[in-house]
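Chain and residue survey
As a plain string of letters, each chain reads:
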Amino acid sequence: MVQRIRKAIFPVGGLGTRFLPATKAMPKEMLPVVDKPLIQYAVEEAQAAGIEEFIFVTGRSKTAIEDHFDHSYELETTLRERGKDAQIAMVNSWMPQPGQIAYTRQQVPLGLGHAVWCARNLIGDEPFAVLLADDLILADIPCLAQMVEVHRKTAGNVVAVMEVQREHTNRYGVLDVEGDDGRLVSVKGVVEKPDPAVAPSNLSIIGRYILQPEVFDHLAHIGRGAGNEIQLTDALAELIRGNKPFHGLRFSGTRFDCGDKVGFLQANIAFALARPDLTDALRKILNGYC
Ligand code: G1P
């Protein structure tokens, strides 16, 4: 019987220097796409995949995230007085229940692998998900739900993957492919940010992972890797050498790199066009520019 994925880690400790000055006093995960912060999209995606425990690995200056996932009594009182019940639902309905959210701090910025490792005691001995809020995915079936479905059949580890331009492999964790049925890829290795000339493929990891808890043992002893940081991908490479299955899923949907300004702008346009209340007005504006 495959163990259910109940817990998810959201690494939100990064500084967001690429979005300065917007991120000077505001976490980058609070940047809105249309009218919703990136981190809320990630949490809603996790909820849709059956996640019950939400673990945020935060850093200094990230309290706005905690406030976002809490009641705002002044706001609710004012909205109630004005009879705006629909808006009260809009600010509350997606909030995890009391006790379902936990926060732990990554005290030193040592990389994604280190951030995930910081959550080890909150995860314990069960498989779990990791979601990077920078990677926003527009999909009919939310990406993590697609992965949970795969995990039910394959067990082991599952990462979301997509083909990227070969000259961009140095931005991603890249797969060394063993077998490929067009949707599901079995993996014999992974490399973090390889130079395009030596990358084993152009199939790259997008920020969604389902991982076995053994990854924490590897994270505890691997040294620093690419960018002089403790890389999650390096621990995945060790996991693959173990005997648990490891698969990449070419998910259905469109991914936007919201860690990048152009990707972020593109996400805003795509998500607004997908909104019935905005699409006509935005189409008119875009036509005016074209
Ligand atoms: C991180 C991971 C990388 C992955 C990418 C997906 O890189 O280290 O393996 O492919 O997320 O967005 P970062 O974007 O933090 O440099």
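Below is a short write-up of the structure.

About the criteria used
- Residues numbered from 1 in each chain as written.
- Predicted model: local features only at pLDDT ≥ 70, side-chain atom pairs only at ≥ 80, totals over all residues.
- Heavy atoms only, no water.
- 1 Å grid on protein atoms, 1.4 Å probe; cavity = no way out; pocket = protein on both sides within 12 Å on 5 of 7 lines; lining within 4 Å.
- Points joined across faces, edges and corners; volume = space filled by probe spheres on them.
- Helix = DSSP H or I, 4+ residues; strand = E, 2+ residues; numbered from the N terminus.
- Nonpolar A, V, L, I, M, F, W, Y, C, P; charged D, E, K, R; others polar.
- Near = heavy atom within 4 Å.
- Polar contact = N/O pair within 3.5 Å; in protein donor to acceptor, adjacent residues only side chain to side chain.
- Areas by Shrake-Rupley, 256 points an atom, 1.4 Å probe, with all protein chains shown as cover.
- Core = buried A, V, L, I, M, F, W, Y, C linked by side-chain atoms within 4.5 Å.
- Buried < 20%, exposed > 50% of the residue type's maximum accessible area, 1.4 Å probe, protein only.
- Contact = heavy atoms within 4.5 Å.
- Phe/Tyr/Trp six-rings, centres within 6.5 Å; stacked < 30°, edge-to-face > 60°.
- Lys NZ or Arg CZ within 6 Å of the ring centre and 35° of its normal.

Description of the layout of surface pockets
- The volume enclosed by the second largest pocket comes to roughly 300 Å³.
- As for the second largest pocket, its lining consists of 14 residues, and the residues nearest its centre are Gln40, His68, Met90, Val91 and Trp94.
- Of all the elements in the fold, those that place two or more residues in the lining of the second largest pocket are strand 3 (36-37), helix 2 (63-68) and helix 4 (85-92).
- Ranked by residues supplied to the lining of the second largest pocket, first place goes to helix 4 with three residues.
- Grouping the amino acids of the lining of the second largest pocket by side-chain chemistry returns five nonpolar, four polar and five charged.

Brief notes about the site of the ligand
- Near the ligand, the surroundings consist of 13 residues, among which Asp135, Gly173, Glu192, Lys193 and Ile205 are the closest.
- Thr233 places a polar side-chain atom, nitrogen or oxygen, 3.2 Å from an oxygen atom of the ligand.
- Relative to its free-state accessible area of 380 Å², the ligand is covered by the protein chains to the extent of 76%.
- Element by element, the count of residues in the shell around the ligand is highest for strand 11 (residues 203-211), at three residues.
- The residue inventory of the shell around the ligand, partitioned by class, reads five nonpolar, four polar and four charged.

Comments concerning the nonpolar core
- One finds Phe10, Val33, Ile39, Phe56 and Leu144 to be the most contacted residues of the largest nonpolar core, which totals 50 residues.
- Aside from chain neighbours lying at most four places away, what touches Leu144 is Glu45, Ala46, Ala49, Ile51, Ala129, Leu131 and Ile210.
- Ranked by size, the runner-up nonpolar core spans 33 residues in total, among them Leu132, Val159, Val215 and Phe216.

A closer look at the packing of aromatic side chains
- Under the criterion given, the structure shown has nine aromatic pairs.
- Taking 6.2 Å as the distance between ring centres and 20° as the angle between the ring planes, the aromatic pair formed by Phe10 and Phe54 counts as stacked. In this pair, Phe10 sits in strand 1 (residues 7-11) while Phe54 sits in strand 4 (residues 53-58), placing the two residues 44 residues apart along the sequence.
- In this arrangement the basic side chain of Lys36 is found over the ring face of Tyr41, its NZ or CZ atom lying 4.8 Å from the centre.
- Cation over ring: Arg120 sits above Trp117, and NZ or CZ is 3.7 Å from the ring centre.

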